Amino acid sequence: MEASLYIHVPFCSPNPQSRGGKCDYCDFYSVPLNSSGALLDQYVKILLSEAEGFFKTLQLSRVPTVYVGGGTPSVLGPERVRQLLGAILGRIKLETGGVPEEVTLEANPETAGEALLEAAREGGASRLSLGVQSFHGPSRRRAGRGGDEGLLDERLALGARYFPQALSADLISGFPGQDEEILARDIGALLAHGPAHVSLYALSVDPASELYGDPDRADQIWLAGRDLLEKAGYRQYEISNFCPPGNESLHNLRYWAMKSWFALGPSASGTLIHGQGALRYTIPADLETWLSRGPCALEGGPFLPHLEELDRGALIKDSLLMGFRCLGGPDGELFNERFGTSIESLIPRTLGSWKDRLQKDRLALNREGLLFLNSFLVDVFGELEDTSLG
């Protein structure tokens, strides 16, 4: 089978301003790192063992993309990053006879020095994703992020040098005290480094968080940021992702098209498509248990993931949920091939009532329609529930 690979590195640098040690805006599983390198060595060893088991079980013919995320993968340090990437990519070549089209490593600027970037490139990374979030000092301090504008500029320049035409960076809008002018300065400072790809996320936190603000005001700020990116030639191709044509994240495009991926590491979740259904598995979000009982295995091991079988109806819903996130919409040809029916035949009522917010030449929400994606999906799922899919 063909499947992409996601690797979860469940460590991050401690945030001294947060009670739990993690940044309030982060909803990914991670553990603040307060120990020696022995823990990181153990993680890499078990993860590579876990990878070996999954490769044997899945009998992969091709691994088109690899994404190493977290957490903060760059806290592994140069040698472990080189070891991890080299071993994984070597295994892929051994099993499939080929190499991935794209290998992305996430990093925080604070831990992405020149030695780390050199090791990542030597290990086989072809794309770097830097979590910049904001250049604005007060916003960074409120979010518990280290580093200042000078460090961010330095690390972005390094990233552009080591990964020319393959540097991606994340920004967040909606931090307390931020306004359109501050976000515009953030965008200008970032674009000065010529990134190939930009993700602009709206801050999403629990209302009880100290970072929570006026959601309507936050939406206005995000929209201003979107317009600036598009004016600079960064086309919105997904709700939060922008790039000049041809620089889209190949790995994320596979998620949004609901093509198979497998995943390694604590809390990682994979989805393996088979016919009109899929097997979804999730490795427990429990680093201590994973280290003591791992590696996790799909079958025949002492430590098994949570398994969920998606039937035809569930996979149709997931395919529409993910596909309509993109300005290009769901892949209609793939949908027809997979399910033996068209999207238009399943949700004609919804498409009719939303026609003013759909593109004229393709089955997709238009630029303004994307702002109402959640309401659109409520209608989509409601109509599906009224059919035999429910």
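Parameters at a glance
Residues numbered from 1 in each chain as written. Predicted model: local features only at pLDDT ≥ 70, side-chain atom pairs only at ≥ 80, totals over all residues. Heavy atoms only, no water. Helix = DSSP H or I, 4+ residues; strand = E, 2+ residues; numbered from the N terminus. Rg over C-alpha atoms; globule rule 2.2 N^0.38 Å. Buried < 20%, exposed > 50% of the residue type's maximum accessible area, 1.4 Å probe, protein only. Contact = heavy atoms within 4.5 Å. Areas by Shrake-Rupley, 256 points an atom, 1.4 Å probe, with all protein chains shown as cover. Lys, Arg positive; Asp, Glu negative; His and termini not counted. Charge placed at Lys NZ, Arg CZ, Asp CG, Glu CD. 1 Å grid on protein atoms, 1.4 Å probe; cavity = no way out; pocket = protein on both sides within 12 Å on 5 of 7 lines; lining within 4 Å. Points joined across faces, edges and corners; volume = space filled by probe spheres on them. Nonpolar A, V, L, I, M, F, W, Y, C, P; charged D, E, K, R; others polar. Core = buried A, V, L, I, M, F, W, Y, C linked by side-chain atoms within 4.5 Å. Phe/Tyr/Trp six-rings, centres within 6.5 Å; stacked < 30°, edge-to-face > 60°. Lys NZ or Arg CZ within 6 Å of the ring centre and 35° of its normal. Arc of directions from axis to C-beta. Disulfide = S-S within 2.5 Å. Salt bridge = Lys/Arg side-chain N within 4 Å of Asp/Glu carboxyl O. Axes fitted to C-alpha atoms, helices over the stretch in contact; angles between N-to-C directions. Parallel < 35°, antiparallel > 145°, perpendicular 65-115°, else oblique. Left-handed = near helix turned anticlockwise from the far one by under 90°.

K.L.:
I tried to follow the overall build of the protein chain on my own but got confused; where do I start?
P.N.:
When its secondary structure is counted, the protein chain shows 14 helices and 14 strands. What you see for the protein chain is a C-alpha radius of gyration of 21 Å, in line with the 21 Å of a compact globule of 390 residues. For the protein chain, the spread of C-alpha atoms along the three principal axes comes to 60 × 55 × 40 Å. Counting the 390 residues in the protein chain, one finds 53% classified as buried. Across the protein chain, contacts joining residues at least 24 apart in sequence account for 69% of those joining residues at least 6 apart. Carbon together with sulfur atoms contributes 50% to the accessible area of the protein chain, which is approximately 16,800 Å² in total. Across the protein chain, the mean location of the 36 positive side-chain charges is 2 Å away from that of the 51 negative side-chain charges.

K.L.:
How do you make sense of the environment of Asn247 when you look at a structure like this?
P.N.:
Along the chain, Asn247 falls in the loop between strand 10 (241-243) and helix 8 (250-256). The exposure class assigned to Asn247 is partly exposed, which follows from its relative accessible area of 21%.

K.L.:
Explain the layout of surface pockets to me, please; I cannot follow it from the model alone.
P.N.:
A probe as big as a water molecule, rolled over the atoms, marks out the empty space that is left. Estimates place the volume of the second largest pocket at around 400 Å³. Lining of the second largest pocket is provided by 23 residues; of these, Leu253, Trp256, Ala257, Gly329 and Asp331 occupy positions nearest its centre. Grouping the constituent residues of the lining of the second largest pocket by class yields twelve nonpolar, five polar and six charged.

K.L.:
Whenever I open this one, the nonpolar core confuses me. Can you help?
P.N.:
Burial of nonpolar side chains together is a common tendency in soluble globular proteins. Core analysis: the largest hydrophobic core is formed by 106 residues, its most contacted members being Tyr43, Phe262, Trp290 and Phe376. Residue contacts for Trp290: discarding those within four places in its chain leaves Tyr43, Ile46, Leu47, Glu50, Gly265, Pro266, Ile283, Cys296 and Phe303.

K.L.:
Please clarify how the packing of aromatic side chains should be interpreted in this entry.
P.N.:
When we look at a pair of aromatic rings, we describe it by the centre distance and by the angle of the planes. All chains considered together, the criterion is met by twelve aromatic pairs. A ring pair is formed by Tyr255 and Trp261, whose centres lie 4.7 Å apart and whose planes are at 70 degrees; its orientation type is edge-to-face. Comparing Tyr255 with Trp261, the two get one shared label, buried. Members of the aromatic cluster, joined through ring pairs, are Phe54, Phe55, Phe262 and Tyr281. Over the aromatic face of Phe372 sits the side chain of Arg357, whose NZ or CZ is 3.9 Å from the ring centroid.

K.L.:
What am I meant to see in helix 11 (residues 332-339) here?
P.N.:
Think of an α-helix as 3.6 residues a turn; residues three or four steps apart then line up on the same face. Residues Leu334, Phe335, Arg338 and Phe339 constitute the buried set of helix 11. The arc that holds the buried residues of helix 11, viewed along the axis, is 105 degrees, so those residues lie on one side. Residues of helix 11 that are exposed and angled more than 90 degrees away from the buried face: Glu333 and Glu337. Check the buried side of helix 11 and you find it contacts strand 12 (269-274), helix 10 (312-323) and helix 12 (343-346).

K.L.:
Explanation requested: the state of the cysteines in the structure shown.
P.N.:
Throughout this description, disulfide means a covalent bond between two cysteine sulfur atoms. Applying the stated criterion to the full structure yields zero disulfides. No disulfide involves Cys243; its sulfur sits 11 Å from the nearest other cysteine sulfur, which is in Cys326. Exposure remark for Cys326: the relative accessible area of 9% places this residue in the buried category.

K.L.:
Even after reading the chapter, I still don't get the pattern of salt bridges, so can you show me in this structure?
P.N.:
When charged atoms on two side chains of opposite charge get close, those side chains can pair. Taken as a whole and judged by the stated rule, the model has 22 salt bridges. Glu52 serves as the salt-bridge partner of Lys56, at 3.4 Å between the closest nitrogen and oxygen. Of this pair, Lys56 and Glu52 both sit in helix 1 (residues 37-58), separated by four residues, roughly a single helical turn. Here Arg226 and Glu368 are joined by a salt bridge, their closest N and O atoms 3.5 Å apart.

K.L.:
How do you make sense of the packing of helix 1 against helix 2 (residues 78-96) when you look at a structure like this?
P.N.:
Think of two packed helices as two axes; the pair is described by the angle between the axes and how far apart they sit. At their nearest, the axes of helix 1 and helix 2 sit 11 Å apart, and the two run at 10 degrees to each other. In terms of orientation, helix 1 lies roughly parallel with respect to helix 2. Facing helix 1, whose interface residues are Gly37, Leu40, Asp41, Val44, Leu47, Leu48, Ala51, Glu52, Phe55 and Lys56, helix 2 presents Arg80, Gln83, Leu84, Ala87, Ile88, Arg91, Ile92 and Glu95. For the contact of helix 1 with helix 2, the class distribution of residues is ten nonpolar, two polar and six charged.

K.L.:
For this particular structure, what's the right way to read the packing of helix 10 against helix 14 (residues 373-385)?
P.N.:
In contact at an axis separation of 11 Å, helix 10 and helix 14 are set at 160 degrees when each is read in the N-to-C sense. When the axes of helix 10 and helix 14 are compared, the pair comes out roughly antiparallel. Where helix 10 crosses over helix 14, the two elements pack in a sense that is right-handed. In this structure, helix 10 uses Ile316, Lys317, Leu320 and Leu321 to contact helix 14, whose residues at the interface are Leu377, Val380, Phe381, Leu384 and Glu385. For the contact of helix 10 with helix 14, a count of residues per class yields seven nonpolar, no polar and two charged.

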